[in-house]
Amino acid sequence: MAGRGRPRRFDRDAALRAAMRVFWEHGYEGTSMADLTSAMGINSPSLYAAFSCKEALFREAVELYVRTDGGAPQRALREAPTVRAGIDAMLRVNATAYTDPETPRGCMVVLAATNHTEANRDIGDFLAELRRQDLAELRARLDAALADGELPAGTDTAGLARFYVTVLHGLSIQARDGAGRDELLAAVDAAMSAWPAP
């Protein structure tokens, strides 16, 4: 029976979390393999053996982000008793998360590949699709609220969804630019004041 090779000498989950943080801070193109191996505490052959390549590692890091740090806002949107409360909670959860001193500022999915070269178009497309899914989920929640009479008849749910996703993404950019939690929460207050009148 053939041997299985040497066992891994590192914690794959911890290494993945470290890679997620580096990508979150520096983006896909701004992160080098040396940055990754240093943060993960492994050498290049171990990285390739465990994760295949930089792109595969990035995709797995984004999936981890969406399941963990980036997942709370969507849960807030889904679990709130009304669509207005859900959007308000989604924005506030993000304003707080984006300014948490324990994590990089802003949203990994919004900021990690907004600028990319043609060689990395697949990464840009991957993140754009995740952002489109957020928009679709918000639109579906608004459509359901309209059907249930929670929103005034004739509300443009597509426009409303795009407006609040734009606010959401803007919060991320403002946080990366140094805006504080109170400033972001004030922006949320202003955005919620635009809610359609009953």
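Residues numbered from 1 in each chain as written. Predicted model: local features only at pLDDT ≥ 70, side-chain atom pairs only at ≥ 80, totals over all residues. Heavy atoms only, no water.

**A word on the overall build of the protein**
Piece 1. Secondary structure assignment for the protein yields ten helices and zero strands.
Piece 2. Overall, the protein shows an N-to-C arrangement of helices and strands of α-α-α-α-α-α-α-α-α-α.
Piece 3. Considering only C-alpha atoms, the protein reaches an extent of 70 × 40 × 30 Å along its principal axes.
Piece 4. Relative to its full complement of 198 residues, the protein shows a buried share of 42%.
Piece 5. Looking at the protein alone, contacts between residues at least 24 apart form 67% of all its contacts between residues at least 6 apart. (Helix = DSSP H or I, 4+ residues; strand = E, 2+ residues; numbered from the N terminus. Buried < 20%, exposed > 50% of the residue type's maximum accessible area, 1.4 Å probe, protein only. Contact = heavy atoms within 4.5 Å.)

**Here we look at helix H6 (residues 83-98)**
Piece 1. Across its 16 residues, H6 extends 22 Å between first and last C-alpha, which sits within 8% of the 22 Å expected from 1.5 Å per residue.
Piece 2. Buried positions along H6 lie against helix H5 (72-79), helix H8 (121-147), helix H9 (157-176) and helix H10 (181-192). (Expected span 1.5 Å × (residues − 1).)

**Looking at the environment of Ser46**
Piece 1. Secondary-structure assignment places Ser46 in helix H3 (residues 44-51).
Piece 2. According to the relative accessible area criterion, Ser46 is partly exposed, its value standing at 23%.
Piece 3. Separated by 37 residues in the primary sequence, Ser46 and Arg9 place their C-alpha atoms 9.0 Å from one another.

**A look at the nonpolar core**
Piece 1. The biggest cluster of nonpolar side chains holds 57 residues, and the ones touching the most others in it are Phe58, Ile87, Leu91 and Met108.
Piece 2. Per-domain counts for this core show at least three residues from each of domain 1 (12-58) and domain 2 (69-194). (Core = buried A, V, L, I, M, F, W, Y, C linked by side-chain atoms within 4.5 Å. Domains from an automatic or database assignment.)

**What about the domain arrangement of the protein?**
Piece 1. Domain annotation of the protein identifies domain 1 (12-58) and domain 2 (69-194).
Piece 2. A straight line from the C-alpha centre of domain 1 to that of domain 2 covers 27 Å.
Piece 3. Taken together, the contact pairs eleven residues of domain 1 with 17 residues of domain 2.
Piece 4. When domain 1 packs against domain 2, the two sides together hide about 1300 Å² of surface, and 62% of this comes from carbon and sulfur.
Piece 5. Per-residue buried area on domain 1 facing domain 2 is highest for Trp24, Glu29 and Phe58; these three make up 56% of the total on that side.
Piece 6. In this structure, the connection of domain 1 to domain 2 is made through one salt bridge.
Piece 7. Between Arg17 and Asp69 there is a salt bridge; the shortest N-O distance is 3.4 Å. (Buried area = accessible area lost by both parts, 1.4 Å probe. Salt bridge = Lys/Arg side-chain N within 4 Å of Asp/Glu carboxyl O.)

**Details of helix H4 (residues 54-67)**
Piece 1. Spanning 14 residues, H4 covers 20 Å between terminal C-alpha atoms, matching the ideal 20 Å at 1.5 Å per step.
Piece 2. Of all the residues in H4, the buried ones are Lys54, Leu57, Phe58, Ala61, Val62, Leu64 and Tyr65. What you see down the axis of H4 is that its buried residues fit within an arc of 160°, all on one side.
Piece 3. Packed against the buried residues of H4 are helix H1 (12-26), helix H2 (33-40), H3, helix H7 (108-111) and H8. (Arc of directions from axis to C-beta.)

**With respect to the packing of aromatic side chains**
Piece 1. Applying the stated criterion across every chain, the model contains six aromatic pairs.
Piece 2. Between Phe23 and Phe58 the ring centres are 4.9 Å apart and the planes differ by 85°, which places this aromatic pair in the edge-to-face class. One end of the pair, Phe23, is in helix H1; the other, Phe58, is in helix H4, and 35 residues separate them in sequence.
Piece 3. A relative accessible area of 0% means that Phe23 is categorised as buried.
Piece 4. Where Tyr164 meets Trp195, the ring centres are 5.8 Å apart and the plane angle is 45°; that geometry is what we call tilted. (Phe/Tyr/Trp six-rings, centres within 6.5 Å; stacked < 30°, edge-to-face > 60°.)

**A closer look at the pattern of salt bridges**
Piece 1. Per the counting criterion, the structure on display carries ten salt bridges.
Piece 2. Residue Glu25 pairs with Arg21 through a salt bridge whose shortest N-O separation is 3.3 Å. With Glu25 and Arg21 both in helix H1 and four residues apart, the pair spans about one turn of that helix.
Piece 3. When its relative accessible area of 37% is taken as the criterion, Glu25 is described as partly exposed.
Piece 4. On the accessibility criterion, Arg21 (35% relative accessible area) is partly exposed.
Piece 5. A salt bridge links Arg59 to Glu55, with the shortest nitrogen-to-oxygen separation between them at 3.1 Å. One end of the pair is Arg59 and the other is Glu55, both in helix H4 and four residues apart, which spans about a single turn.
Piece 6. Residue classification places Arg59 among the partly exposed positions, given a relative accessible area of 26%.
Piece 7. Where salt bridges share partners, they join Asp88, Arg92 and Asp189 into one cluster.

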